[in-house]
Amino acid sequence: MKDYLSKVKKYIILQVVLDFIGVICLALTPLIQKWLFDYGLQSTSSQIILAILLYALLLGIYSLMQYFCVLVAFKSGISFETRLKKNFFDKIFNMNSKVFQEKSIGEYISIQSNDITALEQDYLQPIVDVIRSVNMMLIYGVIIFMNINYKIGLVVVLSSIFAIFIPKIFGKVLDNSRSKYQRHLGKYTSTISDLLEGFGLINSKTIENIKNRHNEILHKTANKRYEFGKKKALVLGLSDLMTKMVRAFTFAIVGYLFYKKEITVGVAIATLSYSSAFIDPIDSLLYDITAIRSVNSTKQNILSFLNQKSETENKKELENFKNELIFDNVNFTIDKLQLEDINLKIEKGKKYAIVGKSGAGKSTFLNLLLGIHKPNNGEVSIDGENVTELNLSNTLLYMSQHEHIYRASVKENVTVFDSYYYDYIPDNANEVAIIKDILGRNTDDCSNFSGGEKRVLALLRILCRKGEILVLDEPFTGVDAESVLKLEDILLKSDQTVLIVTHNTSMEHLKKFNKVIRVVNGKVFIEDID
């Protein structure tokens, strides 16, 4: 977190300096009160007017400094939060899909919108406020000791030190409680995302149960928030009690000294003003320390996430596919599924159909091929290099069954916001009616396309990337039969290595491919097409 604080260091220093100037001005005002009550009756009218003007000027300067402090606080908070959110997304985008899927989309959104914002509000600004509070206490403490009464100063300072220990005593309990609340908030955000994505399933029979699902997690989250609130209220209540005790002790010592005629009326009034002003930063200090300690787990979780090494950062990028992709004695087990003794070779430029029943292990086989899963035994290699040690993102391109379509234009979806060249779409693709129709659409939101149109859009994205190996998982679902024939023809006549998962196992269809990869009962093997 030091790196992020250092980026806003200039704003923190500026806030402290502005506050220091303002506090000095404010701290001088009780001295004017003291002078007025002790010497006002012996002073001239011009001296009284001058004192009033000086009093007003000091308050005006203090207000102006506080205004600038607030502006700078907004600037530093926005800068701090923006940098954290940017780095958080950068880290997500460098994950491989397996690591990314360890959390739900809702959890990532919750961290981005809740946890990072909580750090800005309950960590960064409280740190600055702690410094400002200490500044204020030092300034008022020095003035009380030097210009008022050292006995009063001792009572105020010693009782204040004791009050500061309250957040430290209860800090761990508060931190744990907030951490539990933040986790439930993440689950709630995830549930909201899930339920809204399933909006089409809402009907007269499902609506009440869907509402109940939402309300159940909502109430659990609310209860965790209340548990956190109870503990926070206890800590803040005890802190407030201690500051009130400081006021009581100060009032008692002032009353005693005044009764003993050791201080004047002016000193008594100034002392009560200073004690009140001294206790305000104690209140703020206690609240800020409580806030900082309450987000300690949140801070550690975010830092741990940001500091973890991304696999893609350490992997060598495969520049091109030269000869072959080999499965050498590969064994892999996940849950109850076992793939055993896979030995096969995928050759450059050849076309492969991947077939097998649902649940047979086709997706698991693809994950091994893509380097997402690491075999329990054996090795998957491309041109002699282990796929799990390579960054294949620009060479081996994968189109899943659930490709995301952005709420953006056709071109932005195909090129992923101009990441790829639109001109890379093969010329013969425009001869396919559905492609011609899609490319001609003037829309800013392709997310409402039909299922088949979304599959074609995703296919165009793959074609635009010019990868040497294309792995397509049921790419034509929802596309009409005539278009499928033409789209398949484009892929099978290309010079790329193409692997297509298909449920069309007719010999007429399979003969279009060079070879068939069958996944049957945990076995994966290649068949030549006669």
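Residues numbered from 1 in each chain as written. Predicted model: local features only at pLDDT ≥ 70, side-chain atom pairs only at ≥ 80, totals over all residues. Heavy atoms only, no water.

Peer 1: Before we go on, may I ask you to explain the pairing of strand 5 (residues 377-382) in this structure?
Peer 2: Within a regular strand, the side chains alternate between the two sheet faces. Pairing of strand 2 (residues 324-334) with strand 5 involves 5 bridges; the strand directions are antiparallel. By the bridge assignment, Ile 326 is partnered in strand 5 with Ser 381. In this structure, strand 5 lies alongside strand 6 (residues 385-386), joined through 2 bridges in antiparallel fashion. Bridge pairing links Ile 382 to Glu 385 in strand 6. (Pairing = 2+ DSSP bridges. Helix = DSSP H or I, 4+ residues; strand = E, 2+ residues; numbered from the N terminus.)

Peer 1: Looking at this model, I keep getting lost on the pairing of strand 12 (residues 523-528). Mind explaining?
Peer 2: Two elements, strand 11 (residues 515-520) and strand 12, share 6 bridges in a ladder whose sense is antiparallel. When the bridges of strand 12 are listed, Ile 517 appears paired with Ile 526. Counting the residues in the hairpin turn of strand 11 and strand 12 gives 2 residues, including Asn 521, whose phi is positive at 50°.

Peer 1: I tried to follow the sheet that holds strand 9 (residues 469-473) on my own but got confused; where do I start?
Peer 2: Either a parallel or an antiparallel arrangement is found when strands of a sheet pair, and the pairing is made through backbone hydrogen bonds. Spatial strand order, 8-9-10-4-11-12: 6 strands in an open sheet with mixed pairing. Each edge of the open sheet is held by one strand with a lone partner, namely strand 8 (396-399) and strand 12. Taken pair by pair, the neighbouring strands of this sheet meet at an average axis angle of 15°, ignoring direction. Both strand 8 and strand 9 contribute to a ladder of 4 bridges, which runs parallel. Note on strand 9: the bridge partner recorded for Leu 396 is Ile 469. (Axes fitted to C-alpha atoms, helices over the stretch in contact; angles between N-to-C directions.)

Peer 1: Is there a simple way to think about unusual backbone geometry in this case?
Peer 2: What is expected of a backbone is that most residues other than glycine have negative phi and most peptide bonds are trans. Unlike most non-glycine residues, Asn 329 shows phi in positive territory, near 50°. You will see that Asp 418, though not glycine, has its phi angle at about 70°, which is positive. Within the fold, Asp 418 resides in the loop between helix 12 (410-415) and helix 13 (433-439). On the basis of relative accessible area, Asp 418 is assigned to the exposed category, the value being 57%. (Buried < 20%, exposed > 50% of the residue type's maximum accessible area, 1.4 Å probe, protein only.)

Peer 1: In this structure, what is going on with the nonpolar core? I would like to understand it.
Peer 2: Ranked by internal contacts, the top residues of the largest apolar core, which has 37 residues, are Ile 435, Val 456, Leu 457, Leu 459, Leu 472, Leu 487 and Leu 491. Of all the secondary-structure elements, those providing two or more residues to this core are strand 4 (351-355), strand 8, helix 12, helix 13, helix 14 (451-465), strand 9, helix 15 (481-492) and strand 10 (497-501). For this core, the leading source of residues is helix 14, giving 8 residues. Residues in contact with Leu 491, not counting those within four places in the same chain, are Lys 351, Leu 459, Leu 463, Leu 470, Leu 472, Phe 476, Val 498 and Ile 500. Among the nonpolar cores identified, the runner-up in size contains 31 residues, and Leu 325, Ile 342, Ala 360 and Leu 366 belong to it. (Core = buried A, V, L, I, M, F, W, Y, C linked by side-chain atoms within 4.5 Å. Contact = heavy atoms within 4.5 Å.)

Peer 1: How should the packing of helix 2 (residues 9-39) against helix 3 (residues 45-93) be read in this particular structure?
Peer 2: Two packed helices can be described by the angle between their axes and the distance between those axes. At a minimum axis distance of 8 Å, the contact between helix 2 and helix 3 shows a crossing angle of 160°. The orientation of helix 2 relative to helix 3 falls into the category roughly antiparallel. Pair helix 2 / helix 3 crosses with left-handed handedness. Its residues placed into classes, the contact of helix 2 with helix 3 shows 24 nonpolar, 8 polar and 2 charged. (Parallel < 35°, antiparallel > 145°, perpendicular 65-115°, else oblique. Left-handed = near helix turned anticlockwise from the far one by under 90°. Nonpolar A, V, L, I, M, F, W, Y, C, P; charged D, E, K, R; others polar.)

Peer 1: Looking at this model, I keep getting lost on the pattern of salt bridges. Mind explaining?
Peer 2: Where side chains of opposite charge bring their charged atoms close, a pairing between them can arise. Scanning all chains against the criterion turns up 20 salt bridges. Here Glu 208 makes a salt bridge to Lys 211, at a shortest N to O gap of 3.9 Å. Of this pair, Glu 208 and Lys 211 both sit in helix 7 (residues 207-259), 3 residues apart, which is roughly one turn of the helix. Sharing partners across several salt bridges, the network here consists of Glu 347, Lys 350, Lys 515 and Asp 528. (Salt bridge = Lys/Arg side-chain N within 4 Å of Asp/Glu carboxyl O.)

Peer 1: Which parts of the structure should I look at to understand the sheet that holds strand 3 (residues 337-347)?
Peer 2: Ordered by their spatial adjacency, 4 strands build an open sheet running 3-2-5-6, and the pairing between neighbours is antiparallel. If you trace the sheet from one side to the other, it starts and ends with strand 3 and strand 6, each paired once. Contacting strand 2, strand 3 and strand 5, helix 11 (residues 362-369) runs over the sheet at an angle of about 125° to strand 2.

Peer 1: What am I meant to see in the layout of surface pockets here?
Peer 2: A water-sized probe, rolled over the atoms, reveals where empty space remains. Here the second largest pocket is characterised by a volume of approximately 420 Å³. Around the second largest pocket, the lining comprises 18 residues; the ones closest to its centre are Lys 103, Ile 111, Asp 115, Arg 183 and Asn 301. For the lining of the second largest pocket, the secondary structure elements donating two or more residues are helix 5 (105-148), helix 6 (150-197) and helix 9 (296-307). If you tally residues by element for the lining of the second largest pocket, the top one is helix 9, at 6 residues. Split by residue class, the lining of the second largest pocket holds 4 nonpolar, 9 polar and 5 charged. (1 Å grid on protein atoms, 1.4 Å probe; cavity = no way out; pocket = protein on both sides within 12 Å on 5 of 7 lines; lining within 4 Å. Points joined across faces, edges and corners; volume = space filled by probe spheres on them.)

Peer 1: Looking at this structure, I do not really get the packing of aromatic side chains. What am I missing?
Peer 2: Both the distance between ring centres and the angle between the ring planes are used here to describe each pair of aromatic rings. Counted according to the given criterion, the structure contains 5 aromatic pairs. Considering the side-chain rings of Tyr 181 and Phe 228, the 6.3 Å spacing of their centres and the 5° angle between planes classify their relative orientation as stacked. Of this pair, Tyr 181 sits in helix 6 while Phe 228 is found in helix 7, placing the two residues 47 residues apart along the sequence. Of the residues examined, Phe 228 reaches a relative accessible area of 8% and is grouped as buried. The ring of Phe 449 carries Arg 441 above its face, with NZ or CZ at 4.7 Å from the centroid. (Phe/Tyr/Trp six-rings, centres within 6.5 Å; stacked < 30°, edge-to-face > 60°. Lys NZ or Arg CZ within 6 Å of the ring centre and 35° of its normal.)

Peer 1: Teacher, can you tell me more about the environment of Phe 88 here?
Peer 2: By secondary structure assignment, the location of Phe 88 is in helix 3. Owing to a relative accessible area of 1%, Phe 88 belongs among the buried residues under this scheme. Along the backbone, Phe 88 and Gln 112 are 24 residues apart, and their C-alpha atoms lie at a distance of 7.5 Å. Once residues lying within four places of it in the same chain are set aside, the contact partners of Phe 88 are Tyr 108, Ile 111, Gln 112, Ile 116, Phe 305 and Leu 306.

Peer 1: Got a minute to help me understand the environment of Val 295 in this structure?
Peer 2: Here Val 295 is to be found in the loop between helix 8 (265-294) and helix 9. Residue Val 295 is classed as buried on the basis of its relative accessible area, which comes to 0%. Those residues in contact with Val 295 that lie beyond four places of it in its chain are Ala 118, Leu 119, Asp 122, Tyr 123, Asp 175 and Arg 178.

Peer 1: Any chance you could explain helix 15 here in plain terms?
Peer 2: It helps to recall that an α-helix has 3.6 residues per turn; residues three or four apart then point in one direction. For helix 15, which comprises 12 residues, the first-to-last C-alpha distance of 16 Å matches the rise-based estimate of 16 Å (1.5 Å per residue) to within 8%. Within helix 15, the full set of buried residues consists of Ser 483, Val 484, Leu 487, Glu 488, Ile 490, Leu 491 and Leu 492. Buried residues along helix 15 sit against strand 4, helix 13, helix 14, strand 9, strand 10 and helix 16 (507-510). (Expected span 1.5 Å × (residues − 1).)

So, to be careful, I would describe these as geometric facts and stop short of saying anything about function.
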